[in-house]
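Fold and geometry: a report
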Amino acid sequence: MRVRPSIYVLDDKTVAVFSVAEGECKVKMECLLSEQGILDYTLEFSGPIEKRDELTKIALQEAQNIYLNTIIAAK
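Residues numbered from 1 in each chain as written. Predicted model: local features only at pLDDT ≥ 70, side-chain atom pairs only at ≥ 80, totals over all residues. Heavy atoms only, no water.

Next up on the list: the nonpolar core. Counting 15 residues, the largest nonpolar core has Phe18, Met29, Cys31, Leu33 and Ala59 as the members making the most contacts within it. Elements supplying a minimum of two residues to this core: strand E2 (13-22), strand E3 (25-34) and helix H1 (52-72). Among the elements that take part in this core, H1 stands out by supplying 7 residues, more than any other. Leave out the neighbours within four places in its chain, and Leu33 touches Lys13, Thr14, Ala16, Ile38, Ile66, Tyr67, Thr70 and Ile71. (Core = buried A, V, L, I, M, F, W, Y, C linked by side-chain atoms within 4.5 Å. Buried < 20%, exposed > 50% of the residue type's maximum accessible area, 1.4 Å probe, protein only. Helix = DSSP H or I, 4+ residues; strand = E, 2+ residues; numbered from the N terminus. Contact = heavy atoms within 4.5 Å.)

Here it is in structure tokens:
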């Protein structure tokens, strides 16, 4: 399950905040985006530690989609 991101403008960069959930696991991600791509991110993970890498990959894919749909599409 993916939740629609909240998008904020911070100086010349964009901040996206969103969550990704799968079963009993959830990742909340805040990522800093610019025209160069994903500059930095923070994760808040809840669930079994064994699922962290899997959900982190899903969250990074979602961040890439947000980047493509907000930064690149806006050009």
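Take the pairing of E2 next. Buried residues dominate E2, accounting for 8 of its 10 residues. Examined bridge by bridge, strand E1 (residues 6-10) and E2 share 5 bridges and lie antiparallel to one another. Within E2, the residue paired with Ser6 across the bridge is Val17. Linking two consecutive strands that pair antiparallel, namely E1 and E2, is a turn of 2 residues; a positive phi of about 60 degrees is found at Asp11 within it. Summarising the sheet, E2 and E3 pair through 9 bridges and their orientation is antiparallel. Within E3, the residue paired with Val15 across the bridge is Leu32. Connecting E2 to the antiparallel partner E3 that follows it, the hairpin turn spans 2 residues, and Gly23 within it adopts a positive phi of roughly 65 degrees. (Pairing = 2+ DSSP bridges.)

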